Every structure is written in structure tokens, then in C-alpha cells.
Amino acid sequence: MTEQRPIAVLGGGSFGTAVANLLAENGHAVRQWMRDPEQAEAIRVHRENPRYLKGIKIHPAVEPVTDLLETLTACDLCFVALPSSALRSVLAPHAERLAGKLLVSLTKGIEAQTFKLMSEILEEIAPQARIGVLSGPNLAREVAEHALTATVVASEDEELCERVQAVLHGRTFRVYASSDRFGVELGGALKNVYAIIAGMAVALGMGENTKSMLITRALAEMTRFAVNQGANPMTFLGLAGVGDLIVTCSSPKSRNYQVGFALGQGLSLEDAVTRLGEVAEGVNTLKVLKAKAQEVGVYMPLVAGLHAILFEGRTLNQVIELLMRAEPKTDVDFISTSGFN
Ligand SMILES: NC(=O)c1ccc[n+]([C@@H]2O[C@H](COP(=O)([O-])OP(=O)(O)OC[C@H]3O[C@@H](n4cnc5c(N)ncnc54)[C@H](O)[C@@H]3O)[C@@H](O)[C@H]2O)c1
Ligand SMILES: O=P(O)(O)OC[C@H](O)CO
């Protein structure tokens, strides 16, 4: 069923663009809000995003716009694809316009000062809005190129999930629903950190055994943390947990992986981020996650190891030595101790 009113996508980057196209291909009128008028004009004229997803044609039903207030007034359903560092500052000034809207966060990050997930910020800014998240193994370019892809919409609001499924489900994009918003969103944010480590390992020529060990121990570590925070560990066995972890830790198309790869080649963190020129949420997530894990007493050796290399002046060899010599542990320890059986 076609939505009566246009659908908003907030953010002019790669994922916002990919999702705007999917919605338009499904017959919906889309307003894609971006802050840069030159970018909007370039899309209007050339039907291509000049900076992100080069070579992808933008559907005629996607209208690039720069007036946020007008966009929020015109649309009931809004997908938010802003970097985590910008989401609050962009939306807070328009809080009263958000009441009653369906707000779906596509952003995979954690706010630095508060440790809040993006949907928690939306909830705080707009307590009268209906909130959901969309997360899964969804590399923007592959979504835009119509690779067969699945994702998860998560919300306590079943009708919101159904509406998102209805507008986004398509020939190449399958949308599963979940009521575990917290678990789905946390999975999407945490996996970025491990993708940096995976990219680094590949640049250093480490083998397939290493890659498998990294991904599996990353899953154990992020699930252990999630359980401590009250999430359901079963969610981490789904698309938004292990699914997203696999794709982001395996693909050179992932920006977080690319940052790790550049670090493995010997670039400084600053140079690696500059060379990327796009958002790699894992760098900020690493900082806040390390502090939080320490505060709540959760054992996260991979997070601590990467943090030591990037921010505490340790060498990679020192960290590898520490990790490999750490006392032997149990393999799957995070479900049996959680209370979820
Ligand atoms: N790219 C992907 O494959 C992908 C997939 C799923 C989820 N995500 C998530 O989507 C979010 C956005 O990522 P992206 O890939 O679209 O990023 P991107 O780097 O491609 O683009 C970021 C966009 O945000 C805009 N922006 C930055 N600061 C802003 C501000 N203060 N106000 C308004 N706009 C601002 C930039 O101009 C740019 O258009 C991230 O949290 C990311 O984790 C990305
Ligand atoms: O390019 P990344 O590393 O931000 O990852 C993109 C998506 O989150 C993959 O699902």
C-alpha cells in the first residue's frame, strides 16, 4: 500500500541515499533532507549523489530538500540516517514537530556523553513520537545495487514495524520484524568496533583461522556486554547481531573495516579517518564502550586491546601477546550466565 504522505529520509549520505531509493522504487514519494544545498542541487540536476554512492542513479521520486522544518511537517514517517554525532543537534531544535511521527533510526552509534543509543535520544527529544530502529547486514552500496539483502525493523510498536515492512519490502530487500529494539540497536552499534580489528588483521596478513576466531570471540564479547545491559542474547544470533558482525568484519566495503585496514598498513588513526572521508562510527563507539565496560565490570579483551593500541600507546604486538597469553576461558559463557535459557 502506498503511503498517503511523502516519506522523509534525513541524511544525505550513502545509507540515506540507498534507503531513499528503495522507498521510491516501491512507489512512495520521498523527501531526502540534507544540510548542503549544493549537494541537493547536484542531485536535482544529475540524479546522482555527487559525493556518496557514485554511479547509482537516484530515482525520480526522491526529492532532495534542505528545509528540515518543512520536511518534518510534510511527512509522518521519517527514517533518520544521520551520523550519531549529529542526530541530537539536528533534531532537538524541531522537537515539537516530531510529536506523533513515526521515527525510525538507521544510525549505528552511541552518544559519547550519555552512552545513549539513537532511538533513546529520539525518545528523549520527542516523547510523543513512535520510535523504531532498522539494523542488519546492510552495506549501503550493495543495497543500492540491489544485492539480495535482509534487515530487521525493531520496535515495541507492532504497527510501526508493519508499516516499515510494507514500505521497504521489495524484490531485493526483505524486512524482518523484532520487538527487541534495544538488542537490535546495540548489535548494530557494537559490531563496528570489531570490524576495525578485522580490517587491521587482514592488512597484517593474518589467516582465515584468525578471522574466524576474531568474529566468534567478538560475538561472545558483545553478547556478554549486551546481557549485562539487560538485552536478550538471542537477538545477537539474528541478522542484527551475528549477521551484521559477519558482513562488517568481512567486507572491504565496510568503512569501519577500511579504517582498520589503513591502521594495519601503518597509518595513524587521524590519517585513516581522513582517507576514508565518510562516517566510521566504530571509532567513537570504541572510546565510550571501553569506558562503559570498565565501569560495569564486563570483560571485553578485544575492545580493551584495540583501545590500548589506538589511545594508550601500546603496540599491536604487545596487545596480541597479552590476548594470546590471557588465562584460558570457557567458550560459550554468555548465555548460560544470563538468565535467558
Ligand atoms: N553506509 C552504510 O553502509 C550504512 C549501513 C547501515 C547503517 N549505516 C549507518 O547510517 C548512519 C549514516 O551513515 P552513512 O553511511 O549514510 O554516512 P555517510 O558518511 O555516507 O554520510 C553522512 C551524511 O551525514 C551528513 N552529516 C554529517 N553531519 C551532519 C550534520 N551535523 N547535520 C546534517 N547532516 C550531517 C553528511 O553531510 C553526509 O551527508 C551511520 O550511523 C551508519 O552507521 C550506514
Ligand atoms: O560501512 P560501515 O562499516 O559503517 O558498515 C555499514 C553497515 O553498518 C553494514 O551493515
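Conventions adopted
Residues numbered from 1 in each chain as written. Chains lettered and ligands numbered in written order. Predicted model: local features only at pLDDT ≥ 70, side-chain atom pairs only at ≥ 80, totals over all residues. Heavy atoms only, no water. UniProt positions renumbered as here; feature names shortened; annotations may be inferred. Helix = DSSP H or I, 4+ residues; strand = E, 2+ residues; numbered from the N terminus. Buried < 20%, exposed > 50% of the residue type's maximum accessible area, 1.4 Å probe, protein only. Contact = heavy atoms within 4.5 Å. Salt bridge = Lys/Arg side-chain N within 4 Å of Asp/Glu carboxyl O. Phe/Tyr/Trp six-rings, centres within 6.5 Å; stacked < 30°, edge-to-face > 60°. Arc of directions from axis to C-beta. Right-handed = clockwise from strand over helix to strand, strands pointing away. Pairing = 2+ DSSP bridges.

- Per UniProt, the chain is named Glycerol-3-phosphate dehydrogenase [NAD(P)+], and its organism is Pseudomonas fluorescens.
- Word for word, the UniProt comment on the chain under Subcellular location is "Cytoplasm".

Quick notes on the UniProt feature "binding site: sn-glycerol 3-phosphate" in the chain
- Following the UniProt record, the feature "binding site: sn-glycerol 3-phosphate" maps to K108, G136, K191, D244, S254, R255 and N256 here.
- Positionally, G136 belongs in the loop between β6 (130-135) and α6 (140-144).
- Classification of G136 by relative accessible area gives buried; the value is 0%.
- Excluding anything up to four places from it in sequence, G136 contacts K108, T151, L239, A240 and D244.
- Mapped onto the elements of the fold, K191 is located in helix α8 (residues 181-203).
- By relative accessible area, which is 5% here, K191 ends up buried.
- Excluding anything up to four places from it in sequence, K191 contacts K108, M222, D244, L245 and T248.

Looking at the pattern of salt bridges
- This model, assessed by the stated rule, comprises 24 salt bridges.
- A salt bridge links E312 to K290; the nearest nitrogen and oxygen atoms lie 3.9 Å apart. Here E312, found in the loop between α14 (301-311) and α15 (316-325), pairs with K290, found in helix α13 (residues 282-296); they are 22 residues apart in sequence, far enough to count as distant.
- With a relative accessible area of 42%, E312 lands in the partly exposed category.
- For the salt bridge of K292 with E295, the shortest nitrogen-to-oxygen distance reads 3.6 Å. Residue K292 and its partner E295 are both found in helix α13; the two are separated by three residues, about one turn of the helix.

Focus: the packing of aromatic side chains
- One pass over the structure, following the stated rule, counts two aromatic pairs.
- Ring centres of F115 and F225 lie 6.0 Å apart, and the angle between their planes is 70°; on these two criteria the pair is classed as edge-to-face. Separated by 110 residues along the polypeptide, F115 in the loop between β5 (102-105) and α5 (118-125) and F225 in helix α9 (residues 208-228) bring together distant segments of the chain. A single burial state applies to F115 and to F225, both of which are buried.
- An angle of 15° between the planes, with centres 6.5 Å apart, marks the rings of Y257 and F261 as stacked.

Concerning α5
- Every buried residue belonging to α5 is among M118, S119, I121, L122 and I125, and all of these are buried. Around the axis of α5, the buried residues are gathered within 155° of arc, so they sit on the same side.
- Elements in contact with the buried residues of α5: α4 (84-91), β5, β6 and α8.

Some points on the pairing of strand β1 (residues 7-10)
- Every second residue of β1 is oriented toward a common face, with I7 and V9 on one face and A8 and L10 on the other, all of them buried.
- A crossover connection joins β1 to the parallel strand β2 (residues 30-33) through helix α1 (residues 14-25); in handedness this β-α-β unit is right-handed.
- Bridge analysis of β1 against strand β4 (residues 77-80) gives three bridges, and the strand direction is parallel. By the bridge assignment for β4, L10 is matched with V80.

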